[in-house]
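As a plain string of letters, each chain reads:
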Amino acid sequence: MAMLKLGEFLFSVDTAAYQTLQRSTAQRWGKINRIGKRAAMQDLGPGDDSITLPGVIYPHYKGGLGQIDKMRAMQAKGDPLMLVDGLGNVHDEWVILSVGEKDSVFFKDGVARKQEFTLKIQRYEE
């Protein structure tokens, strides 16, 4: 069962499992300066909505090597991707802003036994 699906990429306990889901949702406010008073504020509507997913992959357990490369390939295409949670709720389209990687605990041939990733995505608006 998937924890989250971004486009065709599945995040799950058996493959690329994020450890936390950090979401930041902003509101845009404009300021209008006034003489002798504090600036008035006006609601300009929704701002950025972003999610950061730090996680861990054990490539020799399940899922294999290449999962982070798949994230980067999806990012390089530059297409908005549908985001669906593990309960089947659709959360509109999102774009990949960045993919970070940290490899550790190596085999003798230099292949990582543990890969940590940080995926940053943002809600897509036309």
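The structure under discussion appears in the preceding block.
Every value quoted in this text rests on a predicted model; they were computed, and no experiment measured them.

**Remarks on the overall build of the chain**
For the chain, the count of helices and strands is one helix and eight strands. Starting at the N terminus and ending at the C terminus, the chain contains elements arranged as β-β-β-β-β-α-β-β-β. For a compact globule of 126 residues, the expected C-alpha radius of gyration is about 14 Å, and the chain comes in at 19 Å, more than 25% above that figure. Oriented by its inertia axes, the alpha-carbon framework of the chain measures out at about 70 × 30 × 25 Å. Evaluated residue by residue, the chain yields a buried proportion of 28% over its 126 residues. Taking contacts inside the chain between residues at least 6 apart in sequence as the whole, the part at least 24 apart equals 59%. Summed over all atoms, the accessible surface of the chain reaches about 8300 Å², with 51% contributed by carbon and sulfur. The centroid of the 17 positive side-chain charges in the chain is displaced by 8 Å from the centroid of its 16 negative side-chain charges.

**Things to note about the nonpolar core**
General note: in soluble globular proteins, nonpolar side chains tend to be found buried as a group. Ranked by internal contacts, the top residues of the largest apolar core, which has 20 residues, are Leu6, Phe11, Met71, Ile96, Phe117, Leu119 and Ile121. Listed by contribution, the elements that provide at least two residues to this core are β1 (4–6), β2 (9–11), β5 (37–57), α1 (67–77), β6 (81–85), β7 (90–106) and β8 (112–123). Excluding anything up to four places from it in sequence, Ile96 contacts Leu6, Met71, Met74, Gln75, Leu81, Leu119, Lys120 and Ile121.

**Brief notes about the packing of aromatic side chains**
The description of two aromatic rings rests on the distance between their centres and on the angle between their planes. Summed over all chains, the structure comprises three aromatic pairs. Ring centres of Phe9 and Phe11 lie 4.9 Å apart, and the angle between their planes is 65°; this geometry places the pair in the edge-to-face category. You can call Phe11 buried: its relative accessible area is 1%. Between Phe11 and Tyr18, the aromatic rings sit 6.0 Å apart at their centres with planes inclined by 65°, giving edge-to-face as the arrangement. Joined through ring pairs, the aromatic side chains of Phe9, Phe11, Tyr18 and Phe117 make up one cluster.

**Looking at unusual backbone geometry**
The phi angle at Asp92 is positive, at roughly 65°, despite the residue not being glycine. Along the chain, Asp92 turns up in strand β7. With a phi angle near 50°, Val105 is a residue other than glycine that sits in the positive phi range. Note that Val105 resides in strand β7. Judged by its relative accessible area of 48%, Val105 is partly exposed.

**A word on the pairing of β6**
Alternating positions in β6 separate cleanly, Leu81, Leu83 and Asp85 being buried on one face and Met82 and Val84 remaining unburied on the opposite face. Relative to β7, β6 runs antiparallel, the two sharing three bridges. Across the sheet, the residue bridging to Met82 is Glu93, located in β7. Adjacent in sequence and paired antiparallel, β6 and β7 are bridged by four residues, among which Gly88 carries a positive phi angle near 90°.

Parameters and conventions
Residues numbered from 1 in each chain as written. Predicted model: local features only at pLDDT ≥ 70, side-chain atom pairs only at ≥ 80, totals over all residues. Heavy atoms only, no water. Helix = DSSP H or I, 4+ residues; strand = E, 2+ residues; numbered from the N terminus. Rg over C-alpha atoms; globule rule 2.2 N^0.38 Å. Buried < 20%, exposed > 50% of the residue type's maximum accessible area, 1.4 Å probe, protein only. Contact = heavy atoms within 4.5 Å. Areas by Shrake-Rupley, 256 points an atom, 1.4 Å probe, with all protein chains shown as cover. Lys, Arg positive; Asp, Glu negative; His and termini not counted. Charge placed at Lys NZ, Arg CZ, Asp CG, Glu CD. Core = buried A, V, L, I, M, F, W, Y, C linked by side-chain atoms within 4.5 Å. Phe/Tyr/Trp six-rings, centres within 6.5 Å; stacked < 30°, edge-to-face > 60°. Pairing = 2+ DSSP bridges.

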